[in-house]
Amino acid sequence: MNRLPCIAAGLIILGSLVVGVSPSSGDAATPALDAEAISLPLGLLWKFSSVDVGKELPARNIPTAPVVSGDTVYVCARGMTAENVPTTSVYALSLETGEKLWDHVLEGTVFGTPALADDTLWVSDSQGYLYALDVRNQGRERSRFQLGTSSRCSPVVHDGVVYVGDDGGLVLAVDAKALQEKWRFQAKGQVKAPIAVSPENKYVYVSSGEPRLHVLHMATGTEAWNYPMPEVSMESAPVLWDRYLYIASGKRLICITASQGRYQWDSMRMGITTGYPIIGTPTLAPDEKGKEARLYFCCEDGTVYAVNARTGRLAWKAPVKLDRVATCAPTVTRDAVLIGAQNGLLYAVSANEGSKLLWKYRAVPPADITAQTTAVSIASSPVVSDGRVLVLADEGTLLCFSPAAVDVAPPEVKDLKVRDVAIESQTPVYGMPPLPFTATIVDEGSGIDESKIVFKLDGEVVPHQFVARTGELFYKTPVTRPIRPLADGVHTISITVADWMGNTLTREWVFRVDHRRIPVPKVQDSPAANPDAINF
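Source: prediction; values computed, not measured.

A. Representation of the overall build of the chain within the structure. Secondary structure assignment for the chain yields one helix and 41 strands. Per-residue burial over the chain gives 59% buried out of 536 residues. For the chain, long-range pairs separated by at least 24 residues make up 53% of all intrachain contacts whose partners lie at least 6 apart in sequence.

B. Region of the structure containing the pairing of strand β33 (residues 412–418). Bridging between β33 and strand β35 (residues 436–442) involves five bridges; their strand directions are antiparallel. Bridge pairing in β35 links V418 to F437. Sheet topology places β33 next to strand β34 (residues 421–422); two bridges connect them, and they run antiparallel. From the neighbouring strand, V418 faces β34, where its bridge partner is V421. Remark: two residues form the turn of the hairpin made by β33 and β34, two consecutive strands paired antiparallel; R419 in that turn has positive phi of roughly 50 degrees.

C. Main features of the sheet that holds strand β29 (residues 357–362). Pairing in this open sheet of four strands is antiparallel, and the strands run β26-β27-β28-β29 from one edge to the other. Looking at strand neighbours, the two that pair on one side only are β26 (331–332) and β29, the edges of this open sheet. As paired elements, strand β28 (residues 345–350) and β29 share five bridges and run antiparallel to each other. Of the residues in β29, the one forming a bridge with V349 is L357.

D. Seen up close, the nonpolar core. Of all hydrophobic cores here, the largest spans 44 residues; its most connected members are I339, F437, I493, I495 and F511. Those residues in contact with I339 that lie beyond four places of it in its chain are C298, V304, L322, A326, P330, L345, L346, Y347 and V349.

E. View of the pattern of salt bridges. Following the criterion strictly, the structure yields 20 salt bridges and no others. As a salt-bridge pair, E444 and K47 come within 2.4 Å of each other at their nearest N and O atoms. With E444 in the loop between β35 and β36 (454–457) and K47 in strand β1 (residues 43–49), the pair connects residues that are 397 residues apart, well separated along the chain. On the accessibility criterion, E444 (38% relative accessible area) is partly exposed. For the salt bridge of R136 with D134, the shortest nitrogen-to-oxygen distance reads 3.7 Å.

F. Looking closely at empty space enclosed by the protein. Taken as a whole and assessed by the stated rule, the structure comprises four cavities of 30 Å³ or more. Put simply, the largest cavity is a space of about 140 Å³. Taken together, 14 residues make up the lining of the largest cavity; nearest its centre are Y361, R362, I448, F466 and A468. Contributions of two or more residues to the lining of the largest cavity are made by β29 and β35.

G. Representation of the packing of aromatic side chains. Enumeration according to the criterion identifies 19 aromatic pairs in this entry. Between the aromatic rings of Y203 and W225, the centroid separation amounts to 6.5 Å while the plane-to-plane angle is 85 degrees, which identifies the pairing as edge-to-face. On the criterion of sequence distance, the pair formed by Y203 in strand β15 (residues 203–208) and W225 in strand β17 (residues 223–228) is long-range, its members being 22 residues apart. The buried category is assigned to Y203, whose relative accessible area is 13%. An angle of 70 degrees between the planes, with centres 5.6 Å apart, marks the rings of F437 and F511 as edge-to-face. On the criterion of sequence distance, the pair formed by F437 in strand β35 and F511 in strand β41 (residues 504–513) is long-range, its members being 74 residues apart.

H. Structural context of the pairing of strand β24 (residues 303–308). In terms of burial, β24 is largely enclosed, as five of its six residues are buried. In this structure, strand β23 (residues 293–299) lies alongside β24, joined through five bridges in antiparallel fashion. Of the residues in β24, the one forming a bridge with Y296 is A306. Hairpin connection of β23 to β24: three residues between the antiparallel strands, including G302 at a positive phi of 85 degrees.

Analysis parameters
Residues numbered from 1 in each chain as written. Predicted model: local features only at pLDDT ≥ 70, side-chain atom pairs only at ≥ 80, totals over all residues. Heavy atoms only, no water. Helix = DSSP H or I, 4+ residues; strand = E, 2+ residues; numbered from the N terminus. Buried < 20%, exposed > 50% of the residue type's maximum accessible area, 1.4 Å probe, protein only. Contact = heavy atoms within 4.5 Å. Pairing = 2+ DSSP bridges. Core = buried A, V, L, I, M, F, W, Y, C linked by side-chain atoms within 4.5 Å. Salt bridge = Lys/Arg side-chain N within 4 Å of Asp/Glu carboxyl O. 1 Å grid on protein atoms, 1.4 Å probe; cavity = no way out; pocket = protein on both sides within 12 Å on 5 of 7 lines; lining within 4 Å. Points joined across faces, edges and corners; volume = space filled by probe spheres on them. Phe/Tyr/Trp six-rings, centres within 6.5 Å; stacked < 30°, edge-to-face > 60°.

This is the structure in C-alpha cells:
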C-alpha cells in the first residue's frame, strides 16, 4: 500500500499528512483514521545522498517528500553531473536498503511531491512541464504536458484524473489513462499548493495567491463559487473533513463549509493563533470512528498547535514550543506527531498531550557535505511506511529510520576544550571564573537523549547547557562574591551521555590549573545561551 500520508476525508492531498491513506485512493467516503502506530524511539536504518562524495554541493534541495509504494521509495532531489552541472532527478530506491534502483533526470527543478497512481509517477517542474513517468520501466517518460509557466504545485490524482497548478495561476486536469488534457482553469494568482478534491460535492478546491479560494466543478473546471482570503495564502492546500473545509491564510486557520463557503470560525478571532504565519498545510487526524478530528499545524515562531476540527478550540492544554522553527507540515501517526525543523532536527511529540517529547534526532550530512554548508534543515514532511520514517534533508540526503535498526554504539563526545584550549594538549589554564568548557556530542544512530546528559567537575554535577541544533555542550564556572577561582593543580571533568536506544558512555579528562606562570588572559564571553531552549 502506498503510505505517503494524506488527510482522510474524501479528498486527495499530498501536502496533508495523516499516515495510512493512499494519496491516489480517491475514496469518497469519510474514512476512520487508519494511522500506523510507530514504535518510538527510532534508529537510523540507512541514508542515501543525491550528491556524490567529494562533489560540489548544489543549491539547497527541494521541499519534496518521498513517495513509498511497496518495497520502493521514489524521491526527487538535486545532484551534480561529472561536469559539475546541477541536475534534478527522480530516484527509485529500495525501501529495505536505500540502494538506488534507477534514476531519471528531469529538465527543471522539482518543488512539489510527485503523485503515484497505476505505476505512473506524475511530476511537475520549474520548466513548466507535467511528466508522466513509467516506474515499471526505469522511469521512462510516457508523456509530458506543457503548463503555462513553472510549477511548484504537487500533482494530485483522483479517480483517474491528475490535477496540478502552476505559478501563473493555471490549473490543469489530465486524464491519467488516456494521457489527454480534460480542462484548464485560469486563476489570477500563483497556484503553489496541492489541489483538493471532494467527490461528495463534485468540487475541486484551488488555493490561489490573489488571495482567493476557487471552487471548480470537477467535470468541467468552471467556477462554482469563490471565497476571498484575508491574507496571501499560496503554500497551504485546502483540507476537507466532514462538511467542513479548512485553509491556512497567513496567520489564520479558517473553517468554512465545503459546499457553500459559509464561515464557521477563525483561529485568530478566537485567540488561538497569534502573529506568526502558519507553515504549510495543516494536518487532519480523525479519531478512530471518524466522528471527531484534530488539526495539527506549526507556526513560524516554533509553536505547534492541535485544535478541535469542529470547534477550532485548542485540543492540547497549551501549544508546544520547539527549540527550532518547523520547516514543513507535521506528520501525524496514531500516537505521535512528527515534525521536521531547521538545523536538521526531527521531533516526535505525543499526539494526545503534545508536551511529552517521545524522540528527537539531528540529521548530520556526510562529512564532505558538512564542510560545504553551515546548516542543514529538514526539507519536507516525514513519511511513514510500515513502521519506518523517511525524511529528506535539504542538502540531498534521504534518511530512513526504523525501530528495528541496530544501534549498539553510544554517542560520541569530542572536541572538549577548556578556555578554548583542547584538553588533549594538557596546557595549563587560568582558573579565574567564568572558566568556559565546551564539547561536541554526536550520535547518528538513534539521536541524543538530552535528559541523560550529565556534566561533572571534580566529581560534582554542575548545570550545563546543550544546544541541539549544533550538538554543542557548554558549562562555565560561576562568578561569585567573593571570587573563587579553581585551585592550582589537577582537576577532572566527566561527561555522561546516552542515546534513545539506551547506549551510554562516560568519558573523563584531567586538566591543570596554574595561576603562577600564566598571565591573566582577556576573558571572552562564552557562547550566548540558546534563546529557544526546549523544555518539554
